[in-house]
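# Residue-level structure breakdown
Spelled out, the chains give:
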Amino acid sequence: QVQLVESGGGLVQAGGSLRLSCAASGSIFSRNAMGWYRQAPGKQCELVAEITGGGNTTYSGSVKGRFTISRDNAATTVYLQMNSLKPEDTAVYYCLYRISTRLGYWGQGTQVTVSS
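So, how was this worked out
- Residues numbered from 1 in each chain as written.
- Predicted model: local features only at pLDDT ≥ 70, side-chain atom pairs only at ≥ 80, totals over all residues.
- Heavy atoms only, no water.
- Phe/Tyr/Trp six-rings, centres within 6.5 Å; stacked < 30°, edge-to-face > 60°.
- Helix = DSSP H or I, 4+ residues; strand = E, 2+ residues; numbered from the N terminus.
- Buried < 20%, exposed > 50% of the residue type's maximum accessible area, 1.4 Å probe, protein only.
- Lys NZ or Arg CZ within 6 Å of the ring centre and 35° of its normal.
- Salt bridge = Lys/Arg side-chain N within 4 Å of Asp/Glu carboxyl O.
- Pairing = 2+ DSSP bridges.
- Axes fitted to C-alpha atoms, helices over the stretch in contact; angles between N-to-C directions.
- Disulfide = S-S within 2.5 Å.

## Considering the packing of aromatic side chains
Taken as a whole, this structure holds one aromatic pair when the rule is applied. Ring geometry for Y37 and W106: centres 5.3 Å apart, planes at 75°, overall edge-to-face. With Y37 in strand β4 (residues 34-39) and W106 in strand β10 (residues 104-106), this residue pair connects regions lying 69 residues apart in the sequence. Since its relative accessible area comes to 15%, Y37 is described here as buried. For the cation-ring pair, R19 lies above Y79, with the distance from its terminal atom to the ring centre recorded as 4.1 Å. Across from the ring centre of F29, 4.6 Å away, lies the NZ or CZ of R31, which sits over that ring.

Encoded structure:
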């Protein structure tokens with residue numbers, strides 16, 4: 001079992017910054033990828049960013065250049081630094097610990113609201 005605890009969401013004005021954290025505990029392996037997804041009201045859940053155990057990163061085109069995903073040395077905590085936030089970034093952000101291509105553990109979600 002894996003438990004994921006997210007923090008760092010909140011309300012920010014457009015152009016501002018937030019940093020999300022996701023702490024993983026349980027049967028964690030540093031080689032497994034972790035990432036962030038988000039779901040806005042009325043929209044499908046979408047990839048924001050992922051980072052592999054080796055540190056390779058993938059970003060959605062809509063956040064590339066503004067968001068940065070990172071992982072601590074123990075690979076148990078993943079961060080999402082979000083800069084130059086836009087109202088369209090408003091969503092519930094979920095942390096993912098990936099077991100395989102199709103399987104993983106999800107956090108409870110943290111709300112990010114960007115006001116214009």
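## Quick look at the pattern of salt bridges
Under the counting rule described, the total for this entry stands at four salt bridges. Between E46 and R38 there is a salt bridge whose closest N-O contact spans 2.7 Å. Among the residues examined, E46 registers a relative accessible area of 33% and is labelled partly exposed. Among the charged side chains, a network of salt bridges with common partners joins R38, E46, R66 and D89.

## Structural notes on unusual backbone geometry
Within the chain, S84 stands out as a residue other than glycine whose phi angle is a positive 50°. With respect to the element layout, S84 can be found in the loop between β8 (77-82) and β9 (91-98).

## Considering the sheet that holds β8
Taken in spatial order, the four strands make up an open sheet running β1-β3-β8-β7, and their pairing is antiparallel. The two strands at the open ends of the sheet, each matched to only one other strand, are β1 (2-7) and β7 (67-71). Averaged over all pairs of adjacent strands, the angle between their axes in this sheet comes to 15°, without regard to strand direction. By the bridge criterion, five bridges tie β7 to β8 in an arrangement that is antiparallel. Counterpart to F67 in the pairing with β8 is M82.

## Observations concerning the state of the cysteines
On inspection of all chains with the given rule, the structure shows one disulfide. Put simply, C22 and C95 are joined by a disulfide, and their sulfur atoms are 2.1 Å apart. Looking along the S-S bond of the C22-C95 disulfide, the torsion reads about -85°, which is the left-handed sense. Residue C22 is found in strand β3 (residues 18-26), and its partner C95 is found in strand β9; the two are separated by 73 residues along the sequence. Classification of C95 as buried rests on a relative accessible area of 0%. The closest cysteine sulfur to the non-disulfide-bonded C45 is located on C95, 12 Å from its own sulfur. Classification of C45 as partly exposed rests on a relative accessible area of 37%.

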